[in-house]
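Spelled out from the first residue to the last, the chains are:
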There are 2 protein chains.
Amino acid sequence: MVHNKSAVFLKFPSEFPIPGEHFAIQTKDLHVSLKNNEILARNLYFSLDPYMRGRMNDAPSYIPHFQLQKPMSGYGVAEIIESKNPAFPVGSLVSGMTGWEQYSVIPEGFTKLLRVLPKNARESKKIPLSAWVGVLGMPGFTAYSSLKVIGQPKTGETIFVSAAAGAVGQLVGQMAKKLGLRVVGSAGSDDKVDYLLNELKFDAAFNYKKNGTILENLKRHAPEGVDIYYENVGGETLEAALECMNTHGRIIVCGMISQYNTTEPYGIRNLGHIVAKRITMRGFINDDFAKDYMEDFVKDVSAWLEADAIIYKEDVEDGIEGSLDAFVGMLKGKNFGKQVVKIADL
Amino acid sequence: MVHNKSAVFLKFPSEFPIPGEHFAIQTKDLHVSLKNNEILARNLYFSLDPYMRGRMNDAPSYIPHFQLQKPMSGYGVAEIIESKNPAFPVGSLVSGMTGWEQYSVIPEGFTKLLRVLPKNARESKKIPLSAWVGVLGMPGFTAYSSLKVIGQPKTGETIFVSAAAGAVGQLVGQMAKKLGLRVVGSAGSDDKVDYLLNELKFDAAFNYKKNGTILENLKRHAPEGVDIYYENVGGETLEAALECMNTHGRIIVCGMISQYNTTEPYGIRNLGHIVAKRITMRGFINDDFAKDYMEDFVKDVSAWLEADAIIYKEDVEDGIEGSLDAFVGMLKGKNFGKQVVKIADL
């Protein structure tokens, strides 16, 4: 028996979720008695991602909403500490769908959403364990696959990335640079803009809260127009991007975080550009591309990490206790880099 | 020398164009003295299409705006009555880009936008001359190619077509029926709805002005959701369609006529469905697909017409004098079927 702290879902929020009201950390005793093919995971890192806000809505989506009164789930890195499944021996490290909690019993049906990490993952200097839910995990694959499939990037084109210092945006920008694109990013603080320009070497970046409207900023920083817009935020930024798109532009719709926590969504008034400029706008989830691109992704990104050819900033919350506030902070853009929670030391 | 009545563009409108203010019929003397490779066309039919409203805006688009103080241009059917171009002998019939006027001198550079009609076009019982700017012209090819390329229709799926009794909509619906889809249409009068149900054999159709909101109507008539939305109108109808789309739905963005004549465009508030339901939304123009689909189009549609396997309703305005009012009427949805102007008898 162990004490297990979990982030439990309590109530559907209509705006920003409030710790204590919509979700809470609760401690329960965990009596472990594994059935055949089940495993017990000790969670080490847990990933906080904007898409999880969608799981807090009672509305149809590609993924079921969180169950009320149950621990929430998401991507994590864990160590197997008990096992009745030969594919996951005790002591192995895994990444994939785990619980937002200290310990998770993974039922047989969910073990297919886990992968065993390479043997050297424990010691790697170049690839921290948290990377498996970041640059080498869902956000990394999101960036890599959608940029290729939907973006159809061509050397010399201009890409505009919103939330460009976030989990997905920072990778999209760097990958686009490697493909010879001109990269323009937006972010919500001067620190983030400095990071984009000076660390990630974006060609241009702006703080969307300053120096005029978003449209004025975008026109100034992408005077030749936008061929690919990597959409993470929605609202006024999407409207500005539509205004600046070039003919045959592509909009990769990864997320619209500005619209997740409001009961008064922003109305987009210039979709007529989709006709006039023959724009393609497409939403997706990772699974759509996994079969065709996962192998190349792991190979390419691992090689870039080993060669220090890609930078990946994480914002690590230490301990599950502060993870609810960290989640709300991420929805408000307070994180700087990919938001993760360190639940335990290896 | 001939007297030539032309529809001349006078002023950029911000809402509905007003005859006499933004455009007018003017009569001028035409002194014809053809240069090498020029031709003189006697216009027989002229096509009035919603996209032409976009050419009345001083804004970037895929096609230049109309020139002030000059006759407007568009798709027409004409007879060649003088020629210095061996590809267009006197007496031949052509369709393609001509003038909104009685007679047009076609400069050499524009003759590539014309095609000579088949020899039997003069006598065909099944294919009236006006068909070459309708079911066998731009609107027909628009419907045919975009349904295939962007729609990716599969037997058993549901397609929703707005402006379904219009130039493009009526063809999209019939073509989708041939491919085994369930077809739901919306239109702006009970007469049009009757036509969709009883003549074109749509599976369901509704008058968007009656029986509750557009969303309520659409939910009632497409209870299993929408896999393909053929977008002709924009605004509230687009919002309703987004609400009803199924996962991996496709939105073929042909036009947004409800938004062309307003200075206060409707704000679309539920684009978040593009993420959650992985929707593809794509604008296009014909030229994007001509190379790959034109040959099949002419073959298929000619065969359907010969076999009475497709119905195509036209709304013919007799004489250029009333064509400005007919154009405004079309923008307001007053036409019933594809709007054309008969300029002269053959």
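Residues numbered from 1 in each chain as written. Chains lettered and ligands numbered in written order. Predicted model: local features only at pLDDT ≥ 70, side-chain atom pairs only at ≥ 80, totals over all residues. Heavy atoms only, no water.

## Looking at the relation of the copies chain A and chain B
Aligned on chain B, chain A shows an RMSD of 0.0 Å; the corresponding rotation is 180° and the shift along the axis is 0.0 Å. Those values place the two copies in the arrangement expected of a two-fold rotation axis. It is Gly-267 of chain A whose C-alpha, among those of chain A, lies nearest the rotation axis, at 1.8 Å. Comparing contact sets, 100% of the residues at the interface of chain A also lie at the interface in chain B, consistent with an isologous, same-surface contact. (Least-squares fit on C-alpha atoms with pLDDT ≥ 70 in both. Contact = heavy atoms within 4.5 Å.)

## Quick word on the UniProt feature "domain: Enoyl reductase (ER)" (unreviewed entry) in chain A
Following the UniProt record, the feature "domain: Enoyl reductase (ER)" (unreviewed entry) maps to residues 20–341 of chain A here. The distance from the first to the last C-alpha atom of residues 20–341 of chain A is 19 Å, and the span holds 28% helix and 26% strand. (UniProt positions renumbered as here; feature names shortened; annotations may be inferred. Helix = DSSP H or I, 4+ residues; strand = E, 2+ residues; numbered from the N terminus.)

## Brief notes about the domain arrangement of chain A
Residue and element names in this part refer to chain A. Partitioning chain A into structural domains gives domain 1 (2–133 + 313–342) and domain 2 (138–283). With 18 residues of domain 1 in contact, the opposing surface of domain 2 contributes 13 residues. Here domain 1 meets domain 2 over a buried area of about 1300 Å², counting both sides, of which 61% is carbon and sulfur. The largest contributions to the domain 1 side of the interface with domain 2 come from Glu-15, Lys-313 and Phe-336, which together make up 33% of the buried area. Summed over the shared surface of domain 1 and domain 2, the result is zero salt bridges. In terms of residue class, the side of domain 1 that touches domain 2 is made up of nine nonpolar, four polar and five charged. (Domains from an automatic or database assignment. Buried area = accessible area lost by both parts, 1.4 Å probe. Salt bridge = Lys/Arg side-chain N within 4 Å of Asp/Glu carboxyl O. Nonpolar A, V, L, I, M, F, W, Y, C, P; charged D, E, K, R; others polar.)

## Digging into the packing of helix α2 (residues 138–151) of chain A against helix α8 (residues 287–306) of chain A
Residue and element names in this part refer to chain A. Put simply, α2 and α8 touch, their axes get as near as 9 Å, and they point 120° apart. In the crossing of α2 with α8, the sense of the turn from one axis to the other is right-handed. Facing Gly-140, Phe-141, Tyr-144, Ser-145, Ser-146, Lys-148, Val-149 and Ile-150 of α2, the residues of α8 in contact are Phe-289, Ala-290, Tyr-293, Met-294, Asp-296, Phe-297, Asp-300, Val-301 and Trp-304. Within the contact of α2 with α8, the residues separate by chemical class into eleven nonpolar, three polar and three charged. (Axes fitted to C-alpha atoms, helices over the stretch in contact; angles between N-to-C directions. Left-handed = near helix turned anticlockwise from the far one by under 90°.)

## Observations concerning the interface of chain A and chain B
The partner chain B presents 27 residues to the 27 residues of chain A that form the contact. When chain A packs against chain B, the two sides together hide about 2300 Å² of surface, and 63% of this comes from carbon and sulfur. Inspection of the chain A/chain B interface yields two salt bridges. Between Arg-278 of chain A and Asp-288 of chain B there is a salt bridge; the shortest N-O distance is 2.7 Å. Along the contact surface separating chain A from chain B lie eight residue pairs in polar contact (both at pLDDT 80 or more). Those elements that place two or more of their residues in the side of chain A that touches chain B are β12 (245–253), α7 (272–276) and β13 (280–283) of chain A. Relative to strand β13 (residues 280–283) of chain B, β13 of chain A runs antiparallel, the two being bridged by three bridges. Note on β13 of chain B: the bridge partner recorded for Thr-280 of chain A is Arg-282 of chain B. (Polar contact = N/O pair within 3.5 Å; in protein donor to acceptor, adjacent residues only side chain to side chain. Pairing = 2+ DSSP bridges.)

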